[in-house]
Amino acid sequence: MFLGLDLGTSGLKALLVDENERIVAEAVAPLQVTRPYDGWSEQNPDDWFTACAAAIAGLGVDLGGVQGIGLSGHMHGATLMGRDGRALRPCMLWNDTRASVEAAEMDSDQIWRDLTGNIVFPGFTAPKVEWVRRNEPEVFAQIDKVLLPKDALRFWLTGDAVSDMSDASGTSWLDMGKRDWSDDLLAKSGLTRAQMTTLVEGSEVSGTLSGPSAQKFGLPEGIPVAGGGGDNAASAIGMGVVKPGQAFVSLGTSGVLFAATPAYAAAPESALHSFCHALPGLWHQMGVILSATDSLNWLASVMNVKAQALTSGLGALQAPGRTLFMPYLGGERTPHNDTQIRAGFLHLGHATDRAAMTRAVMEGVTHALRDSFDAMNQTGTQIDSMIAVGGGSKSDYWLKAIATSLNMPIQLPAAGDFGAALGAARLGRMAATGEGTTLAVPPPISRVIEPDTSLVGAFYDAHARYSETYRAVKNLR
């Protein structure tokens with residue numbers, strides 16, 4: 001069997017599969033985010049370890065047959081470790097935007113884009129560590145290792161400080177073309193290579209399970225732990241998105257449009273992410289919006305109902321209404337790189353009811369994903385097929401809206417888990433057995449959501465209004 005551990009923002013999932021990729025057991029342990037100030041988003045790394053132990057215990061089966069472990073997790077988190085192997089402060093998460101000033105200063109120096117192929121976003125690791133250097137110098141002075149969230153789990157399981165190329169891509173310290181840390185960029189951050197992790201490919205062995213960890217969990221001592229991947233790259237392994245033309249759209253807390261690319265294709269001016277994939281010699285482009293299902297959950301909380309209650313009675317897809325929602329609850333990445341913009345409704349009227357506001361929120365997220373789709377097209381990235389995943393993909397209305405906006409069919413996987421946890425388990429198997437890309441096959445497709453051709457024009461026009469609205473309000477603070 002092979003174990004995938006996926007460290008998500010809201011919970012840690014353990015997935016156990018056999019050699020035929022049948023699910024043997026799965027379990028989730030919840031996690032909480034703290035937001036002490038506007039723009040801050042943190043977690044205590046000790047909570048990850050507690051959740052990992054709870055999720056593995058929750059599998060409830062004999063783990064003596066596990067031959068390999070793979071890891072995935074949310075990217076960009078700054079987990080600063082002292083010499084005692086403990087975190088020096090809470091981890092600043094991917095959606096923490098406090099370092100906007102530091103990020104802007106870094107991004108104004110062309111060397112960062114030249115070497116990393118990406119904008120220095122406030123949510124990336126390097127500007128957050130720079131924020132610590134300026135605001136918590138006593139913490140910065142004690143940094144022994146900078147770990148990404150899933151790599152903190154690895155350190156806890158194996159004692160090894162290692163990361164993989166896909167996750168390291170989101171730090172702003174990786175020379176993307178060379179797939180190696182940039183000593184020049186580290187020096188600009190007041191760091192050295194000695195404070196960074198060793199780098200491996202996602203399918204390579206990063207270390208082995210330590211004796212204490214094996215004893216704690218009832219796992220075989222010394223089994224390999226794969227390099228693993230950042231959450232979206234691992235999801236792509238789980239969904240078989242490893243060839244040019246293949247893509248997936250993820251409707252989770254954040255929204256992601258992910259496309260495999262045949263080569264490194266930097267396009268920082270578009271605010272797309274151009275990253276290493278979790279397999280050797282592969283790359284990908286990714287558009288990220290910060291609030292996808294988060295936007296719907298926010299509306300549900302304000303109205304004191306479950307999100308499902310908002311969407312269940314919407315009926316057939318309608319043309320977008322006059323009411324617009326800008327889904328910028330915590331700023332936006334692609335294509336705006338704007339940490340200060342905030343969400344808002346426009347054109348509310350006496351006739352605007354709960355259903356109209358719900359549709360507006362879902363349409364706003366749809367328009368934001370269209371921004372990423374257009375940015376990819378402008379760089380020459382071709383998308384031939386698309387799979388949908390994430391909690392929001394349970395809404396046919398939402399998927400129909402996205403398919404219509406992009407004018408592209410969207411495939412839905414058959415029942416089963418084909419996300420980051422499965423991708424992590426596959427990478428664990430590759431590390432244990434030496435198998436390669438052939439393991440990363442697409443899932444069986446249960447059905448296809450076709451675009452409503454009669455509404456393609458209406459969604460096109462609505463997206464144009466959405467884009468015009470951003471330009472009109474972006475300087476209103």
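Refer to the preceding data block for the structure.
Okay, so let's go over this structure.

Conventions used here
Residues numbered from 1 in each chain as written. Predicted model: local features only at pLDDT ≥ 70, side-chain atom pairs only at ≥ 80, totals over all residues. Heavy atoms only, no water. Helix = DSSP H or I, 4+ residues; strand = E, 2+ residues; numbered from the N terminus. Buried < 20%, exposed > 50% of the residue type's maximum accessible area, 1.4 Å probe, protein only. Contact = heavy atoms within 4.5 Å. Lys, Arg positive; Asp, Glu negative; His and termini not counted. Charge placed at Lys NZ, Arg CZ, Asp CG, Glu CD. Phe/Tyr/Trp six-rings, centres within 6.5 Å; stacked < 30°, edge-to-face > 60°. Lys NZ or Arg CZ within 6 Å of the ring centre and 35° of its normal. Pairing = 2+ DSSP bridges. Axes fitted to C-alpha atoms, helices over the stretch in contact; angles between N-to-C directions. Left-handed = near helix turned anticlockwise from the far one by under 90°. Nonpolar A, V, L, I, M, F, W, Y, C, P; charged D, E, K, R; others polar. Parallel < 35°, antiparallel > 145°, perpendicular 65-115°, else oblique. Polar contact = N/O pair within 3.5 Å; in protein donor to acceptor, adjacent residues only side chain to side chain. Core = buried A, V, L, I, M, F, W, Y, C linked by side-chain atoms within 4.5 Å. Disulfide = S-S within 2.5 Å.

1. What about the overall build of the protein?
- A tally of helices and strands in the protein yields 16 helices and 24 strands.
- Taking the principal axes of the C-alpha coordinates as reference, the protein spans close to 65 × 50 × 45 Å.
- Buried positions account for 61% of the 477 residues belonging to the protein.
- Considering only contacts in the protein between residues 6 or more positions apart, those separated by 24 or more positions represent 72%.
- Here the protein carries 36 positive and 49 negative side-chain charges, and the mean point of each set is 4 Å from the other.

2. Points about the packing of aromatic side chains
- Summed over all chains, the structure comprises 13 aromatic pairs.
- These aromatic residues form a ring-pair network of at least three members: Tyr-37, Trp-40 and Trp-131.
- Over the face of the ring belonging to Trp-131 we find Arg-98, whose NZ or CZ atom lies 4.7 Å from the ring centre.
- Stacked on the ring of Phe-121, the Lys or Arg Arg-333 has its end atom at 5.7 Å from the ring centre.

3. As for the pairing of strand 1 (residues 2-7)
- Counting buried positions over the six residues of strand 1 gives six, a clear majority of the element.
- Residues of strand 1 alternate between two faces, with Phe-2, Gly-4 and Asp-6 on one and Leu-3, Leu-5 and Leu-7 on the opposite face, all of them buried.
- Here strand 1 runs beside strand 2 (residues 11-17); their pairing, made up of six bridges, is antiparallel. For Leu-3, the partnering residue across the bridge sits in strand 2 and is Leu-16.
- Counted along the chain from strand 1 to the antiparallel partner strand 2, the turn is three residues long.

4. Focus on the packing of helix 2 (residues 100-107) against helix 4 (residues 125-135)
- As a packed pair, helix 2 and helix 4 sit with axes 8 Å apart at the nearest point and diverge in direction by 115 degrees. Helix 2 and helix 4 meet at a crossing whose hand is right-handed. Across the interface between the two elements, Val-101, Glu-102, Ala-103, Glu-105 and Met-106 from helix 2 touch Ala-126, Pro-127, Glu-130, Trp-131, Arg-134 and Asn-135 from helix 4.
- Partitioning the contact of helix 2 with helix 4 into residue classes produces six nonpolar, one polar and four charged.

5. Quick look at helix 14 (residues 396-406)
- Across the eleven residues of helix 14, nine count as buried, placing the element largely inside the fold.
- Positive phi shows up at Asn-407, right after helix 14, with a value of about 55 degrees.

6. Concerning the packing of helix 13 (residues 354-378) against helix 16 (residues 456-473)
- The N-to-C vectors of helix 13 and helix 16 enclose an angle of 90 degrees; their axes lie 10 Å apart at closest approach. For the element pair helix 13 / helix 16, the angle class is roughly perpendicular. Mapping the contact onto sequence places Glu-363, Gly-364, His-367, Ala-368, Arg-370, Asp-371 and Asp-374 in helix 13 and Phe-459, Tyr-460, Ala-462, His-463, Tyr-466 and Ser-467 in helix 16.
- Here the residues of the contact of helix 13 with helix 16 are counted per class, giving five nonpolar, four polar and four charged.

7. A few points about the side chain of Arg-98
- Along the chain, the position of Arg-98 falls in the loop between strand 7 (91-92) and helix 2.
- Engagement of the side chain of Arg-98 in a polar contact is seen with the side chain of Glu-42, the distance being 2.7 Å.
- Those residues in contact with Arg-98, other than ones at most four positions away along the chain, are Gly-39, Trp-40, Ser-41, Glu-42, Arg-89, Met-92 and Trp-131.

8. Some points on the nonpolar core
- Within the largest apolar cluster, 92 residues are counted, with the highest numbers of intra-cluster contacts made by Leu-3, Leu-5, Trp-48, Ile-69, Val-129, Trp-173 and Phe-248.
- Here this core takes seven residues from helix 1 (residues 45-58), the largest share from any one element.
- If sequence neighbours within four positions are ignored, Phe-248 has contacts with Asn-232, Ser-235, Ala-236, Met-239, Val-241, Val-256, Leu-257, Phe-258, Met-386, Ile-387 and Val-389.
- If you look at the next biggest cluster of nonpolar residues, it comprises 48 residues, including Ala-247, Phe-373, Ala-401 and Phe-459.

9. Considerations on the environment of Val-33
- Following the sequence through the fold, Val-33 ends up in the loop between strand 3 (23-30) and strand 4 (42-43).
- Filtering out sequence-adjacent residues up to four positions away, Val-33 remains in contact with Thr-9, Ser-41, Glu-42, Gln-43 and Leu-93.

10. Structural notes on the environment of Arg-359
- In this fold, Arg-359 is placed in helix 13.
- Here Arg-359 falls in the buried class, since its relative accessible area comes to 15%.
- Separated by 75 residues in the primary sequence, Arg-359 and Gly-434 place their C-alpha atoms 47 Å from one another.
- Apart from residues lying up to four places away in sequence, Arg-359 is in contact with Leu-314, Gln-318 and Tyr-397.

11. A closer look at the side chain of Ser-172
- With respect to the helices and strands, the residue Ser-172 is situated in the loop between helix 7 (165-168) and strand 10 (174-175).
- In this view, Ser-172 contacts Trp-112, Thr-116, Val-120, Phe-124, Ala-126 and Leu-185; residues no more than four positions away in its chain are not counted.

12. A word on unusual backbone geometry
- Following Thr-334, the chain continues into Pro-335 via a peptide bond in cis, with omega recorded as 0 degrees.
- Within the fold, Pro-335 resides in the loop between strand 20 (324-326) and strand 21 (344-346).
- Not every positive phi belongs to a glycine, and Ser-172 is a case in point at roughly 75 degrees.
- Positive phi, normally seen in glycine, also occurs at Arg-179, with a value near 50 degrees.

13. What about the state of the cysteines?
- For the structure shown, the criterion picks out zero disulfides.
- Cysteine Cys-91 remains unbridged, with the sulfur of Cys-52 as its closest cysteine sulfur at 16 Å.
- With a relative accessible area of 0%, Cys-91 lands in the buried category.

Purely spatial values, then, with no claim about function.
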